[in-house]
Each structure stands twice: as C-alpha cells, then as structure tokens.
Amino acid sequence: MPDRSCSKLLRALLPLLAAAGCDGCPSSRPYTPYTLGSAAPSGSPPPLSGVGPGAATAVPEADAGAPDAAAPRFAVVPSVPAPEGGKQWPLEGGAVAAAPTGRTFETGLLLDADGDGARDLVAWARSPDGLRGELLLAPAARPQALRTLAALPGDLDAQGCTPRVGLSQIGPSALAFDFAPQCGGAHRGAAGTGPTRWIAVIRLPGPAAGAPPELALELRLRAPPAEEALSASLEVADRDADGRDDLIVSVGLSGALRPFPAPAGAASEVRAPLVFLDRPAGLSRDAAQPGEALRALAASLLRDARGKSTAPAVAASAQRLRRLHAALCADAESGAGATTGRDAARAGEALVWTGAGPVRCGEPGLAAAIGHAEAVAASTRGAPIAAIAALDRGGAEARTKEDGKLLAKLAPPATAAAVYRTAAAPQPTRTGGFGPLAFEASGALLVRTAQGVVRVDPATSTESATDIPPWPAAVHAGPAELVAVERRCDAPTLLALFRSSPDAVGEMEVPLPLLRGQGPRARPGAAAPERCAGTERLPFVPLAASERGFDIALGAALISIDLRAAAPASSALSFPLTTPAPQGAARSPDGATLAIPAAGGLLVATAGGAARLWTGGDLAQATACAPANGGARVACVAGAAAVIFEAK
C-alpha cells in the first residue's frame, strides 16, 4: 500500500516547499479528472465532458487552497480491446483466462487487483447482443476462478440501442466502468424516459490488504431531453486530509431546453460535484455537496445580476442552474421527498441516482435565491415587469424579506377602491378568453353582455345600449385558436395548446419559456401540490392576437407565441408591448397599460410610468380586468357586475 505517513508533514511544510514542489507523498496527490469514456478504446462511449486525462484542469473551488494542489496527477490507464474472438485472454506466465459460457471478453485491464503482487485481469464480459454482461476479475494465481465485481442491472432497458463501454483505472485504488447505450431518436423520450447510463466504481485493496476488489459505487445517469446533455467526470483526491483517496463525481448540464436560448462560450455548461468520502466501511456521500456548490453558483448569479454588463446573461444562466438542481436533486421539486429508494429519483426530474438511492441536496432556499438573482438582474437592465415575474414564480410563501423589499420597490402597493358597479351583467367568459370589458379612449367602459354591448359612463352614472359588435371571447390568430396552457408531469416546460383551424383534430403544443414548476397555479394562491399529478390547466391572460400569433401573460411573465414558422415557437416578451390591444384584452385602448394578476394582487403597469400592485376591495375575487389609458382606473368582473376601481 502506498506510504501515507508523510501526508500531514508535507501539509505543514508546504509553505516552505511550494516554490520547489513535492512528489514525495503520492497518497496525497489530486488526480486528473477522468472524463468517462474519453480515454477508452475504440467503440467506447463518447466524452461526457470536455476534460480529458492528462489535461491541465482547474482545482475544484472547495480545494483551491489545498496544500497538495500542485502535486503530480495520476495518469489514467485505459483498458485495451480483448484478443481476437474474445473467448480467452492470455495472462503473464502462460496462464489463460477463459470467458464464461455465453459471454465474450470485450475490453480489459491487466493490473494487480488483489494486492498479491501479480497482474490480474479485470475485464468486461458481454452477451452476444451486448445488452447484458459482467465486470469480471480473473486472479493471476487462479484465472479459472472468475469473480463478478459488478453485473449490469437487469432493469436497465437498452433494447434497440447500441451498447458502448469504457473501462479505466482512474486512481491508484480505483477503476471506473461505464456502460452507455447509444440510441436513436425513437428511443429518446422526455426527461428520464430514455436509456440510462450506468457507471460502476471498483475499489482496489492496498498491497498488504489481502482482500479482493469490491464494488464501491454505482451511478445511474438518466437521459435528459434531447436538447440537453448530461456529463460526468470522476476525480480521485484526498478531500478530507485523512490519508485516504476520496471520489469526486462532477456532474454537468449543457444545452438548453426549447425554447430557451442556447448557451454560448464558457457559460455553455454548469457543473456541481458529488463527493464520496473513503471510509473503512466504504464510500460515504458528503452531505455538504452538491448543496455548497449550488449555493455558490447562485451567489455568483447575484454578483453578475448587479453589473450592467453581466446582468443580461443572468436569466439564461438562472434557468440552467435550475435545471442542474432538478437533474441532481430528488428533493428539488415538491413531492420528491414523499417516496423512498429508486422511485424517489423519478418523483421529480432528478436524472442522477446512486447505489444508495437518490441524491437529496437539502437546499429549500435555492430556488428563491436563483429567483432573487434573476429579479435583481432584470431590475438592473431596466425590466421591472420581468423582475416581478421572477420574484413571483415561487409564490408568496417562498418570498424572502429581500424579495419583499425589491417587490415593494418595483411595484409599490396601492389600495383599490370601487367607484362604480354596473347594472349591466357581463357575459361569462372561460378562463383564457378575451374578457367582456374594454375601456374606450374617452374613459367610457364597454361591457359585453348576452344582449349586446353596453356603454357605461361613470361620470354621469349612465348605461346605454350601443350598436358596437360584440368582440369574440375566443383568442384567434388567423385560423388558429389558443386553447389552454398546461403543466404536465412528462414535460419539463409549460405548454401552450392551440388548434390550427376550427376543424382540426386534436391540439398542437408549443413549449413556453417557463419551467414546469414556474407559472401560476390552477387555483391562484394555492401552494404547489406534494407531487406532480397528471395535467394541470393554468390561468393565463390574453394580451394580443394577430396573424403573427399570440401574446399572453402567465402571472407577470409576458410571452409571445409565434405561429409563422413551420415549427411554432415562443419567447419572453418585453414591456411595453408593440402589438395593438384588442378589445377584451388586459390592456388599455392605447396598449401602453396592462393589468394582470400577479404577486398576490393586480399588477398595473404603464409604459414610461411606475408599476403598482393593487390590492383590497373586491379585487381578490375579481377576474377579466381591463385598464383605462394611463392606468388610473381598472374595470373587473366581480360577481354578476362589472366594477370600476381606482387606486388610493
């Protein structure tokens, strides 16, 4: 076993030795992160991250001040292909290891795996289709006494896929085996429903241990949506300075879900580590990670949010951090903690599972921290409505004191009072349709009733019938009709549903730039349910409709849906809107003011003016609100009447 006796002494003397460096204590060295598959033979899995064996890499942030940071790194040893035919593998001294019946060797390593001084064989033996197999040890002393170190789990479904494997020695006492099904689009579904990558880490005994190698850790990486890529790299290093080599699994997420903008440059991947400390009883996960790394990334977002030059990139980075949190942590979504074992990792969007079960990060405040950073960034770049939308995504119960202060600054509270209640009864309208109220430029209110359109002049308290044609409640963009916005368990983003024509069979879907956990609840003010359950249709407010498509509000999030391309697309919408305001929309006649339910009240905002959050009166029960020009008055449906409100 390597001599570890000088580890503490070297750490004490490092300030004196730093200039010259020190190779004298190999047990305390950090090792080059092993990118799974990057050093494996032909036919192995493609690289999962950009770090290759032997490359110069940055020391993880938690280790930046480690005393052995400049020590030599272990050179990853890749496996080699099996001899032709794969039925036998020659060992030193003329001995031969034979593959088990029904199996052939594919790739292997010759090394002293059991500490007896002789080189043994560790090899992957597979079935003819490559979808089943075992990682075997053939001891040099008794090559016929094959020992199974790890067997491919029987519940990994890789049917229709091409299996690709990699095997490498990643540290003095650690091997990594990587089984990665390579599948076409037909086998790739929503997040977590595609093929699962399986990684086994084997721990080798020291020269005097007298024990066989053992399976130390299993990892499963479930497939993310097609637009994203999940990566993993392994590093062996003594993290806790106890003289034993620990394992760091750095998990990265790159790409971007449709319709979020694709990342570029250094921000294209976000990473956080899982740390497994080597203990006499085996590897034990360090509960501090990845929570510490995720919090550090959120803090970095907040720093960027305060800079004029860096704030514009924060929104995209915030979404990628949310996705990494969801991919890593089974408790990232509400309800994941209600189950145990392997199913808990599938309760949310968690894509990473260890042999001990799902990863629980214990970071209940992380979502709020990310949202706060996004809100600060939007405020920095002069987008108050986007900032309010970011603060409102977690609901009032998740809002921190700092969030409350920022919200009050962006949209000072105002108390609404009713100044007029109509005798005319507005025509009932389904959620998501154009409402029955619309102000005229003169300040008069039009009310669409079952008998026609009534004009209300609150100054004279008169109501009179008009010959104005009733505007439609349905939201049409040419022949297309916007039907609903849904939150579904099998989709990572919210979805807008529309019919391409009145006689169309079925509905088309457009992913929206809001993750599944964002957006309002089906029952405004309700907390998130304990677990995702089926399909939830969400309240939304139409703002505009034209041949181009639809503009809608989900809470304070403004979204444009463009139907002109062959594949309809959506994007975040900036305020003020440039599209004309149709009657019944939650906008003033000149289009410059909007009134939308958000942040526990009615958000009334006017281009060039301040936004205010109206509460009080009958607003809590009001629906289908429409503002007058300038935003001094808002009319809403309350019960069987239309009520005109003013803010005090």
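These remarks concern the structure in this document. For clarity, every value in this text was computed on a predicted model and none was experimentally measured.

Criteria and thresholds
- Residue positions are counted from 1 within each chain, in the order its sequence is given.
- Note on the predicted model: pLDDT of at least 70 is required for a residue's local features to be given, and 80 or more for side-chain atom pairs to be given and counted; whole-chain, interface and lining totals, by contrast, use all residues.
- The side-chain values count all of the structure's non-hydrogen atoms but skip hydrogen atoms and water molecules.
- A helix here means a DSSP run of H or I that spans at least four residues, while a strand means a run of E at least two residues long, and both kinds are numbered starting from the N terminus.
- The buried label goes to any residue with under 20% of its type's maximum accessible area, the exposed label to any with over 50%, and the partly exposed label to all in between, with areas taken from a 1.4 Å probe on protein chains only.
- Contacts are assigned to residue pairs that have any heavy atoms within 4.5 Å of one another.
- Using a 1.4 Å probe, the Shrake-Rupley method yields the accessible areas, and only the shown protein chains count as cover for residues.
- Here the aromatic set is Phe, Tyr and Trp, taking the six-membered ring for Trp, and pairing holds for ring centres within 6.5 Å; pairs whose planes are under 30 degrees apart are stacked, those over 60 apart are edge-to-face, and all others are tilted.
- Orientation is described by axes fitted as lines to C-alpha atoms, over the contacting stretch for helices, and by angles from 0 to 180 degrees between their N-to-C directions.
- Every angle not falling under 35 degrees, over 145, or within 65 to 115 is termed oblique; those three ranges are roughly parallel, roughly antiparallel and roughly perpendicular.
- Any residue that is not Ala, Val, Leu, Ile, Met, Phe, Trp, Tyr, Cys, Pro, Asp, Glu, Lys or Arg is counted as polar, Gly included; the first ten are nonpolar and the last four charged.
- Pairs of strands are assigned from DSSP output, requiring at least two bridges between the strands.
- Disulfides are defined as pairs of cysteine sulfur atoms found within 2.5 Å of each other.
- The charge count treats Lys and Arg as positive and Asp and Glu as negative. His and the chain ends do not count.
- We define a salt bridge as a side-chain nitrogen of Lys or Arg found within 4 Å of a carboxyl oxygen belonging to Asp or Glu.
- Any pair of nitrogen or oxygen atoms within 3.5 Å is treated as a polar contact; in protein, a donor-acceptor pairing is required on top of that, and neighbouring residues in sequence qualify only through side-chain atoms on both sides.
- Here, nonpolar core means buried Ala, Val, Leu, Ile, Met, Phe, Trp, Tyr and Cys residues that are tied together by side-chain atoms lying within 4.5 Å of each other.
- A helix is expected to span 1.5 Å multiplied by its residue count minus one.

Notes on the overall build of the chain
Link 1 in the chain: Broken down by element type, the chain carries seven helices and 39 strands.
Link 2 in the chain: Expressed as a percentage of its 648 residues, the buried residues of the chain come to 51%.
Link 3 in the chain: Across the chain, the fraction of contacts at a sequence separation of at least 24, relative to all contacts at a separation of at least 6, is 56%.
Link 4 in the chain: Total accessible area on the chain stands at roughly 27200 Å², and carbon and sulfur atoms take up 55% of it.

Section: the packing of aromatic side chains
Link 1 in the chain: Scanning all chains against the criterion turns up four aromatic pairs.
Link 2 in the chain: Ring geometry for Trp124 versus Phe179: centroids 6.3 Å apart, planes at 55 degrees, classification tilted. In this pair, Trp124 sits in strand S7 (residues 120-126) while Phe179 sits in strand S11 (residues 174-182), placing the two residues 55 residues apart along the sequence. Each member of the pair Trp124 and Phe179 is classed as buried.

A few points about the packing of helix H5 (residues 366-380) against helix H6 (residues 384-392)
Link 1 in the chain: Running from N to C, H5 and H6 cross one another at 175 degrees; their axes reach a closest spacing of 7 Å. As summarised for this structure, H5 and H6 are arranged roughly antiparallel, according to the angle between their axes. Contacts between H5 and H6 involve Gly371, His372, Glu374, Ala375, Ala378 and Ser379 on the former and, on the latter, Ala386, Ala387, Ala390 and Leu391.
Link 2 in the chain: Looking at the contact of H5 with H6 residue by residue, the class counts come to six nonpolar, three polar and one charged.

Observations regarding the sheet that holds strand S9 (residues 147-151)
Link 1 in the chain: The five strands lie next to each other as S3-S6-S7-S8-S9, forming an open sheet whose pairing is antiparallel. Looking at the sheet topology across the chains shown, the edges are occupied by strand S3 (80-81) and S9.

Overview of the state of the cysteines
In a disulfide, the sulfur atoms of two cysteines are covalently bonded to one another.
Link 1 in the chain: Under the definition given, this model contains two disulfides.
Link 2 in the chain: Residue Cys329 pairs covalently with Cys361 via a disulfide, S to S 1.8 Å. Around the S-S axis, the bridge from Cys329 to Cys361 shows a dihedral of about -80 degrees and counts as left-handed. Remark: Cys361 occurs in the loop between strand S19 (357-358) and H5 and Cys329 occurs in the loop between helix H3 (314-328) and helix H4 (342-347); sequence separation between them is 32 residues.

Brief notes about the pairing of strand S20 (residues 413-421)
Link 1 in the chain: Summarising the sheet, S20 and strand S36 (residues 612-615) pair through three bridges and their orientation is parallel. Note on S36: the bridge partner recorded for Thr415 is Thr615.

Topic: the packing of H3 against H5
Link 1 in the chain: The interhelical angle for the contact between H3 and H5, taken along N-to-C directions, is 170 degrees, at an axis separation of 9 Å. Judged by the angle between their axes, H3 and H5 are roughly antiparallel. Along its contact with H3, which presents Val314, Ala315, Ala318, Leu321, Arg322 and His325, the element H5 presents Leu366, Ile370, Gly371, Ala373, Glu374 and Ala377.
Link 2 in the chain: Split by residue class, the contact of H3 with H5 holds eight nonpolar, two polar and two charged.

Concerning the side chain of Asp120
Link 1 in the chain: Tracing the sequence through the fold places Asp120 in strand S7.
Link 2 in the chain: As a buried residue without a salt bridge, Asp120 has its nearest oppositely charged side chain in Arg119, at a separation of 9.1 Å.
Link 3 in the chain: Only 2.9 Å separates the side chain of Asp120 from the backbone nitrogen of Ala113, close enough to count as a polar contact.
Link 4 in the chain: One polar contact links the side chain of Asp120 to the main-chain amide nitrogen of Ala140, over a distance of 2.6 Å.
Link 5 in the chain: Those residues in contact with Asp120, other than ones at most four positions away along the chain, are Leu109, Leu110, Leu111, Asp112, Ala113, Asp114, Leu137, Ala138, Pro139 and Ala140.

Considerations on the nonpolar core
The nonpolar side chains of a soluble globular protein tend to be buried, and buried together.
Link 1 in the chain: Phe550, Leu554, Ile561, Ile596 and Leu603 are the most contacted members of the largest nonpolar core, which has 97 residues in total.
Link 2 in the chain: The element best represented in this core is H5, accounting for seven residues.
Link 3 in the chain: Judged by nonpolar contacts, the second largest core, of 20 residues, contains Leu109, Leu149, Val165 and Phe177.

Let's talk about helix H2 (residues 291-305)
Link 1 in the chain: The terminal C-alpha atoms of H2 lie 21 Å apart, and with 15 residues this matches the ideal 21 Å at 1.5 Å per residue to within 8%.
Link 2 in the chain: Buried residues belonging to H2 abut strand S16 (269-279), H3 and H5.

With respect to the pattern of salt bridges
Link 1 in the chain: By the definition in use, this model includes 30 salt bridges.
Link 2 in the chain: For Asp242, the salt bridge identified is with Arg279, shortest N-O distance 3.3 Å. Residue Asp242 is located in the loop between strand S14 (228-237) and strand S15 (246-255), and its partner Arg279 is located in strand S16; the two are separated by 37 residues in the primary sequence.
Link 3 in the chain: Residue Asp242 is classed as partly exposed on the basis of its relative accessible area, which comes to 34%.

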